[in-house]
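Descriptive analysis of the structure
Next come the chains, spelled out residue by residue.
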Amino acid sequence: MTVPPPVPGPISGHGERILVVEDEPAFAELISFWLERHGWHTEIAPDGAHALRSVEERLPDLIVLDLSLPRVDGWKVIERVREQSLVPIIVVTARGSEADKVRGLASGADDYVTKPLSFPELVARVAAALRRARGAAAIPGAAATLEHPGIRIDGLSHRVEVDDQPVHLTPTEYRLLRHLAERPGVLVPHADLLVAVWGPGYRDDHHLLRATVRNLRAKLAARAGGRRYIETE
Ligand code: CA
């Protein structure tokens, strides 16, 4: 594996800590190299058990997670991390399979990149995820509670209830629901939704939107007895 040329562009990190979970040493080093050169600090965990120990010791600002890992696999890592934290997780999936992406997002990942990996793309997604995490609290009105028939969205605790029962959403699902709930009855174009929820650079990622909407809908419907909250054109 050779070191690729530097990527031009405005992205630069703010020294956040990124945990890179990858069992192939050369690949882990390469990911780390790319992230470090953009101004982030990285730590490498060679398997899921190391990753969980590291998260336990000190929560990183973001996790880049390979799904196929020895010992504790990536799915388990997402599940365990989500029990205690909303730290952004970007999964690296070996196959571009839609099923894997849907499952990854449903488990609580925020975004994914597929192998063979484009490093500039990974860097852009890391920057976007960190920006979202930083900006989430800074949006005016984000702390307000929104109520629509049967559904309540608490902007402070990010707690969502359907018919008074809690619905557990991933951070991305929450942002998507929130964005739609702030615009009841409005048809939001896919590209606008992608930019608003994920950030600029995502406007064409229809897979990501479809998979997230599907998961969000399923979670709401499970509580709402089939009542639909999100309609697509
Ligand atoms: Ca692997």
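Please refer to the structure placed before this passage.
Residues numbered from 1 in each chain as written. Predicted model: local features only at pLDDT ≥ 70, side-chain atom pairs only at ≥ 80, totals over all residues. Heavy atoms only, no water.

Time to look at unusual backbone geometry. What you tend to see is this: most non-glycine residues have negative phi, and most peptide bonds are trans. Put simply, Lys115 and Pro116 share a cis peptide bond, and its omega is 0°. The backbone phi angle of Arg71 is positive, close to 65°, even though this residue is not glycine. The class for Arg71 is exposed, based on a relative accessible area of 62%. Even without being a glycine, His158 presents a positive backbone phi close to 65°. Its place among the elements puts His158 in the loop between β7 (151–154) and β8 (160–162). His158 gets classed as partly exposed once you look at its relative accessible area, which sits at 37%. (Buried < 20%, exposed > 50% of the residue type's maximum accessible area, 1.4 Å probe, protein only. Helix = DSSP H or I, 4+ residues; strand = E, 2+ residues; numbered from the N terminus.)

Take the packing of helix α1 (residues 25–37) against helix α5 (residues 119–135) next. Where α1 meets α5, the closest approach of the two axes is 10 Å, and the angle between their N-to-C directions is 60°. Considering the angle they form, α1 stands oblique to α5. Regarding α1 and α5, the two cross each other, and that crossing is right-handed. Touching Phe27, Leu30, Ile31, Trp34 and Leu35 of α1 are Phe119, Pro120, Leu122, Val123 and Val126, all from α5. For the contact of α1 with α5, the class distribution of residues is 10 nonpolar, no polar and no charged. (Axes fitted to C-alpha atoms, helices over the stretch in contact; angles between N-to-C directions. Parallel < 35°, antiparallel > 145°, perpendicular 65-115°, else oblique. Left-handed = near helix turned anticlockwise from the far one by under 90°. Contact = heavy atoms within 4.5 Å. Nonpolar A, V, L, I, M, F, W, Y, C, P; charged D, E, K, R; others polar.)

Moving on, we come to the side chain of Arg17. Relative to the assigned elements, Arg17 resides in strand β1 (residues 17–21). Since its relative accessible area comes to 16%, Arg17 is described here as buried. Look past the residues within four positions of Arg17 in its chain and what remains in contact with it is His41, Glu43, Arg58, Leu59, Pro60, Asp61 and Leu62.

This part takes up the pairing of β1. With respect to burial, β1 is a largely interior element, 5 of its 5 residues being buried. Two strands pair when backbone bridges link them, and β1 and strand β2 (residues 41–45) are joined in this way by 5 bridges, in the parallel orientation. If you follow Val21 over to β2, its bridge partner there is Ala45. Taking the sense of rotation as the criterion, the β-α-β connection linking β1, α1 and β2 turns out right-handed. (Pairing = 2+ DSSP bridges. Right-handed = clockwise from strand over helix to strand, strands pointing away.)

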